[in-house]
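In case you want the letters, here they are:
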Amino acid sequence: MIFAGSHFYWAVGGDVGLSVSAGRQLADARPLWFVLVGLWGVGSLCLVGAL
């Protein structure tokens, strides 16, 4: 649940810890595919797995 929460936090614009997790380049650029698949998608899969 915490891992899913951190991905949702990053998906809505939070940045604490994102550069450590994803790398500085992705954290700074935040391309649409990364936000949709890498943040919302992974967060959703973590949430489903936790349930």
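Further up the page is the structure itself.
The notes below deal with the structure included here. No experiment lies behind these values; they were computed from the predicted model shown. (Residues numbered from 1 in each chain as written. Predicted model: local features only at pLDDT ≥ 70, side-chain atom pairs only at ≥ 80, totals over all residues. Heavy atoms only, no water.)

**Side note on the packing of aromatic side chains**
For clarity, the cut-off: Put simply, two rings from Phe, Tyr or Trp (the six-membered ring, in Trp's case) pair if the centres are within 6.5 Å, and we call them stacked under 30 degrees between planes, edge-to-face over 60, tilted for the rest. Helix and strand assignments follow DSSP, with helices taken as H or I runs no shorter than four residues and strands as E runs no shorter than two, numbered in order from the N terminus. Partly exposed residues are those whose accessible area sits between 20% and 50% of the maximum for their type, while under 20% is buried and over 50% is exposed, using a 1.4 Å probe and protein chains only.
Taken as a whole and assessed by the stated rule, the structure comprises 2 aromatic pairs. Consider the rings of Phe 8 and Trp 40, whose centres lie 5.5 Å apart with planes at 40°: the pair is tilted. Of this pair, Phe 8 sits in helix α1 (residues 2–11) while Trp 40 sits in helix α4 (residues 32–50), and the two are 32 residues apart along the sequence. A residue is classified by how much of its surface remains accessible, and Trp 40, at 35% relative accessible area, is partly exposed. Between the aromatic rings of Trp 33 and Phe 34, the centroid separation amounts to 6.0 Å while the plane-to-plane angle is 75°, which identifies the pairing as edge-to-face. Assessed through its relative accessible area of 56%, Trp 33 is described here as exposed.

**Description of the pattern of salt bridges**
Counted only if it meets this: Think of a salt bridge as a Lys or Arg side-chain nitrogen and an Asp or Glu carboxyl oxygen that are within 4 Å of each other.
Taken as a whole, this structure holds 1 salt bridge when the rule is applied. The closest approach of N and O atoms between Arg 24 and Asp 28, which form a salt bridge, is 3.7 Å. Taken as a pair, Arg 24 and Asp 28 lie in helix α3 (residues 24–29) at a separation of 4 residues, close to a single helical turn. By relative accessible area, which is 55% here, Arg 24 ends up exposed.

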